[in-house]
Amino acid sequence: MKLFVFFVAAVVLVAWPCHGAGYQRFPLRMKTGYGERSSEVKCASFRLAVEAHNIRAFKTIPEECVEPTKDYINGEQFRSDSKTVNQQAFFYASEREVHHNDIFIFGIDNTVLSNIPYYEKHGYGVEEFNETLYDEWVNKGDAPALPETLKNYNKLLSLGFKIVFLSGRYLDKMAVTEANLKKAGFHTWEQLILKYVSFFLSIDITYLSFIYNKCCWLTSH
Ligand SMILES: *[C@@H]1O[C@H](CO)[C@@H](O)[C@H](O)[C@H]1NC(C)=O
């Protein structure tokens, strides 16, 4: 069995902080030497830096980035970014010879299922992430598909790949996540892997690094 791990980590919604992270705010204002920039330009830089993992931990997006973030998500660029990432993953996959039980792993959160509806209601991340409210939203099971990921998913299935979904959601979200995936058009998969609470109680180093990685793709991309 070969494992093709693509966390088709499409397009981060700018506002997806790592929980418990240290930085309160990203200093948008440079002290000297950089000149004036428009919010639009600054916030595009912020977004790029987040996606490149140069900004790793933040709790809220800068206030002046609310409108630019909204414009980015609702405009053509977000869909296009998602398309490009999915295309690249598909090109890679389509060049492989597919064997029985070859699997393709998708991260769910904001890659397969969009969490934008939650963020739309909460200032696109200018409000601090609230786990209780997010859970309530997740439990509705209404998250829509990212359309470009759904296309890619269907193409990968027709190439013969088996699909595994992975999410930073906890195990108690199994039923709602399954129902939500189906509702959004993801009708089949080999396995859905959710997070065990006990991971957090373990000092095993692999688990720790597992969690560390989760911080920036599972809950963030
Ligand atoms: C999250 O939202 C709930 C409901 O509005 C509120 O009671 C709670 O204090 C919030 N938690 C944090 C950490 O802000």
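Residues numbered from 1 in each chain as written. Predicted model: local features only at pLDDT ≥ 70, side-chain atom pairs only at ≥ 80, totals over all residues.

Participant: For the overall build of the chain, give the residues involved together with the corresponding values.
Facilitator: From N to C terminus, the chain includes eight helices and four strands. Order of helices (α) and strands (β) in the chain, N terminus to C terminus: β-α-α-α-β-α-α-α-β-α-β-α. Relative to its 221 residues, the chain shows a buried fraction of 29%. Within the chain, contacts between residues separated by at least 24 positions form 88% of all contacts whose residues are at least 6 apart in sequence. (Helix = DSSP H or I, 4+ residues; strand = E, 2+ residues; numbered from the N terminus. Buried ≥ 20, exposed ≤ 12 C-beta atoms within 10 Å, placed from the backbone. Contact = placed C-beta atoms within 7 Å.)

Participant: Outline helix α6 (residues 147-159), supporting the account with residue identities and numerical values.
Facilitator: For the α-helix, the turn length of 3.6 residues means that residues three or four positions removed from each other point alike. The terminal C-alpha atoms of α6, which comprises 13 residues, lie 19 Å apart, in line with the 18 Å expected from a rise of 1.5 Å per residue. Residues of α6 that are buried sit in contact with α3 (76-94), β2 (103-107) and β3 (162-170). (Expected span 1.5 Å × (residues − 1).)

Participant: Give me the lowdown on unusual backbone geometry, citing residues and values where you can.
Facilitator: Excluding glycine, residues mostly have negative phi values, and the peptide bonds linking residues are mostly trans. The phi dihedral of N101 falls on the positive side, at around 70°, and the residue is not glycine. By secondary structure assignment, the location of N101 is in the loop between α3 and β2. A tally of 12 C-beta atoms within 10 Å means that N101 is categorised as exposed. One non-glycine residue with positive phi stands out, namely Y124, at about 55°. Relative to the assigned elements, Y124 resides in the loop between α4 (116-120) and α5 (131-140). The class of Y124 is buried, set by 22 C-beta atoms lying within 10 Å.

Participant: Can you break down the environment of K155 residue by residue, with the values?
Facilitator: Inspection of the secondary structure puts K155 in helix α6. Sequence-wise, K155 and S94 are 61 residues apart; in three dimensions their C-alpha atoms are separated by 9.2 Å.

Participant: Break down α3 for me, citing the residues and quoting the values.
Facilitator: Here α3 is 19 residues long and its end C-alpha atoms lie 26 Å apart, about the 27 Å a rise of 1.5 Å per residue gives. For α3, the full list of buried residues reads S82, V85, N86, A89 and F90. Axial view of α3: buried residues confined to an arc of 135°, hence all on one face. Turned more than 90 degrees away from the buried face of α3, the exposed residues are E76, S80, F91, Y92 and S94. Residues of α3 that are buried sit in contact with α6. (Arc of directions from axis to C-beta.)

Participant: Which residues make up the confidence of the model for the chain, and what values do they have?
Facilitator: Averaged over the chain, the pLDDT score is 81; the fraction of residues at 70 or greater is 73%. Note that residues 201-205 has pLDDT below 50 and, in this model, one contact with residues that lie over four places away or in other chains. In this model, residues 214-221 is a region of pLDDT below 50 whose contacts with residues beyond four sequence positions or in other chains number 28 contacts. (pLDDT = per-residue confidence, 0-100.)

Participant: So, the nonpolar core: which residues are in play, and what are the values?
Facilitator: Judged by nonpolar contacts, the single largest core of 18 residues is most densely connected at I108, V112 and F165. Listed by contribution, the elements that provide at least two residues to this core are α3, β2, α6 and β3. If you tally residues by element for this core, the top one is α3, at three residues. With nine residues, the next largest nonpolar core counts C43, V50, C65 and Y119 among its residues. (Core = buried A, V, L, I, M, F, W, Y, C linked by C-beta atoms within 7 Å.)

Participant: Quick one: what's the story with the environment of T149, residue by residue and with numbers?
Facilitator: In this fold, T149 is placed in helix α6. Separated by 43 residues in the primary sequence, T149 and F106 place their C-alpha atoms 9.2 Å from one another.

Participant: Lay out the packing of helix α1 (residues 39-51) against helix α2 (residues 66-74) with the relevant residues and their values.
Facilitator: At a minimum axis distance of 9 Å, the contact between α1 and α2 shows a crossing angle of 70°. The orientation of α1 with respect to α2, classified from their angle, is roughly perpendicular. In the crossing of α1 with α2, the sense of the turn from one axis to the other is right-handed. For the pair formed by α1 and α2, the contact residues are S39, E40, C43 and R47 on the first element and P68, T69 and Y72 on the second. (Axes fitted to C-alpha atoms, helices over the stretch in contact; angles between N-to-C directions. Parallel < 35°, antiparallel > 145°, perpendicular 65-115°, else oblique. Left-handed = near helix turned anticlockwise from the far one by under 90°.)

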